[in-house]
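Here is how the chains run, residue by residue.
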Amino acid sequence: MLDAGRTQETLLEVNNIEVIYNHVILVLKGVSLTVPKGGITALLGGNGAGKTTTLKAISNLLRSERGEVTKGTIHYRGERVQDLSPSDLVKKGVIQVMEGRHCFEHLTVEENLMTGAYTRTDGKAAIAADLEMVYTYFPRLKERRKSQAGYTSGGEQQMTAIGRALMSRPETVLLDEPSMGLAPQLVEQIFEIVKSVNENEGVTFLLAEQNTNVALRYAHYGYILESGRIVMDGPAADLRENPDVKEFYLGMSDTGRKSFRDVRSYRRRKRWLS
Ligand SMILES: Nc1ncnc2c1ncn2[C@@H]1O[C@H](COP(=O)(O)OP(=O)(O)O)[C@@H](O)[C@H]1O
Ligand SMILES: [Mg+2]
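Residues numbered from 1 in each chain as written. Chains lettered and ligands numbered in written order. Predicted model: local features only at pLDDT ≥ 70, side-chain atom pairs only at ≥ 80, totals over all residues. Heavy atoms only, no water.

### Some remarks on the overall build of the protein
Reasoning step 1: For the protein, the helix and strand inventory stands at 11 helices and 10 strands.
Reasoning step 2: By residue count, 50% of the 274 residues in the protein fall in the buried class.
Reasoning step 3: If you take every contact in the protein between residues at least 6 apart in sequence, the share linking residues at least 24 apart comes to 69%.
Reasoning step 4: Accessible surface, the protein as shown: approximately 13,400 Å² in total, 49% of it carbon and sulfur. (Helix = DSSP H or I, 4+ residues; strand = E, 2+ residues; numbered from the N terminus. Buried < 20%, exposed > 50% of the residue type's maximum accessible area, 1.4 Å probe, protein only. Contact = heavy atoms within 4.5 Å. Areas by Shrake-Rupley, 256 points an atom, 1.4 Å probe, with all protein chains shown as cover.)

Shown next, in the form of structure tokens:
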């Protein structure tokens, strides 16, 4: 049986990639993941685990940070995309929403949204229709459309960043840490919008999040990244019920957060002793 919102078709396939910064700092140590069409896939892990690096490796934004994919392959719809520029990738339907909700602060909210349409060639009417589509998902942005983005709230800037990505008519959005710095109620609101865009527009999401709790409630499938390695993956519903995930990522224990790998090796040791 298929999960709701998921089909079998694979859009993105990351196979065993290694990423090195500045020729020496090895950050990703063989990361593999698959993003099926029409799903919300979560890439989870604490600060510094390598989530942003993984998304930037996919969207080809590493080069500007002196980072390089030194091993492994990345395919989108079966085509190798490692050597494409970020804007070529946008033309193929893949766009990244950067961590920290980057907006053009001196432009208005609406001008920011319109910058998302720059690669499109399907004419003004289609672009205007999509602007209305973005405003139906984010009514708040319609109210604030003439405001300078730099003077809007953190939540409104996150909405603007996501709305701008939608203006490129993406097939896949790489969404980096949308919850960062936002109050819980606003986080929930943003995830609800992501869910309805996924369900109604069929947009596929690869979502990087430290907030495991909220991400696993909205995603269909999750990967847990620790120190540049995937330590676990599975359907979101299974991960939510997994005792180790509960203990170490969902804060359902009072021992505090430890490394997932520490627990595993601890268990292994325990098995040997008994
Ligand atoms: N431009 C860079 N140069 C060197 N090291 C970096 C750079 N960007 C990130 N790192 C390092 O890579 C690791 C993973 O970072 P990142 O991908 O941002 O993790 P996350 O998004 O999961 O917090 C961290 O140890 C970080 O310090
Ligand atoms: Mg990050």
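### Some remarks on the site of ligand 1
Reasoning step 1: The environment of ligand 1 is formed by 13 residues, the closest being Gly-48, Gly-50, Lys-51, Thr-52 and Thr-53.
Reasoning step 2: Ala-49 places a polar main-chain atom, nitrogen or oxygen, 3.2 Å from an oxygen atom of ligand 1.
Reasoning step 3: Within the side chain of Thr-53, one N or O atom sits 2.5 Å away from an oxygen atom of ligand 1.
Reasoning step 4: The fraction of the free accessible surface of ligand 1 (560 Å²) that becomes covered by protein chains is 68%.
Reasoning step 5: Contributions of two or more residues to the shell around ligand 1 are made by strand 2 (25-36) and helix 1 (51-59). (Near = heavy atom within 4 Å. Polar contact = N/O pair within 3.5 Å; in protein donor to acceptor, adjacent residues only side chain to side chain.)

### Topic: the sheet that holds strand 1 (residues 10-21)
Reasoning step 1: Pairing within the open sheet is antiparallel, and its 4 strands lie in the order 2-1-4-5. The sheet terminates laterally at strand 2 and strand 5 (79-80), the two strands that pair on one side only.
Reasoning step 2: In terms of strand pairing, strand 4 (residues 67-76) meets strand 5 through 2 bridges, oriented antiparallel. Counterpart to His-75 in the pairing with strand 5 is Arg-80. (Pairing = 2+ DSSP bridges.)

### Quick notes on the pattern of salt bridges
Reasoning step 1: Taken as a whole, this structure holds 18 salt bridges when the rule is applied.
Reasoning step 2: For the salt bridge of Asp-130 with Arg-120, the shortest nitrogen-to-oxygen distance reads 2.7 Å. Of the two residues, Asp-130 is situated in helix 4 (residues 124-137) and Arg-120 in the loop between helix 3 (109-115) and helix 4; the sequence distance between them amounts to 10 residues.
Reasoning step 3: By relative accessible area, Arg-120 is classed as buried at 13%.
Reasoning step 4: Among the ionic pairs, Glu-143 bridges to Arg-140, the shortest N-O distance being 2.6 Å. A residue pair is termed a helical-turn pair when its members lie 3 or 4 positions apart in one helix, as Glu-143 and Arg-140 do in helix 5 (residues 139-143) at 3 residues.
Reasoning step 5: For Glu-143, a relative accessible area of 60% translates into the label exposed. (Salt bridge = Lys/Arg side-chain N within 4 Å of Asp/Glu carboxyl O.)

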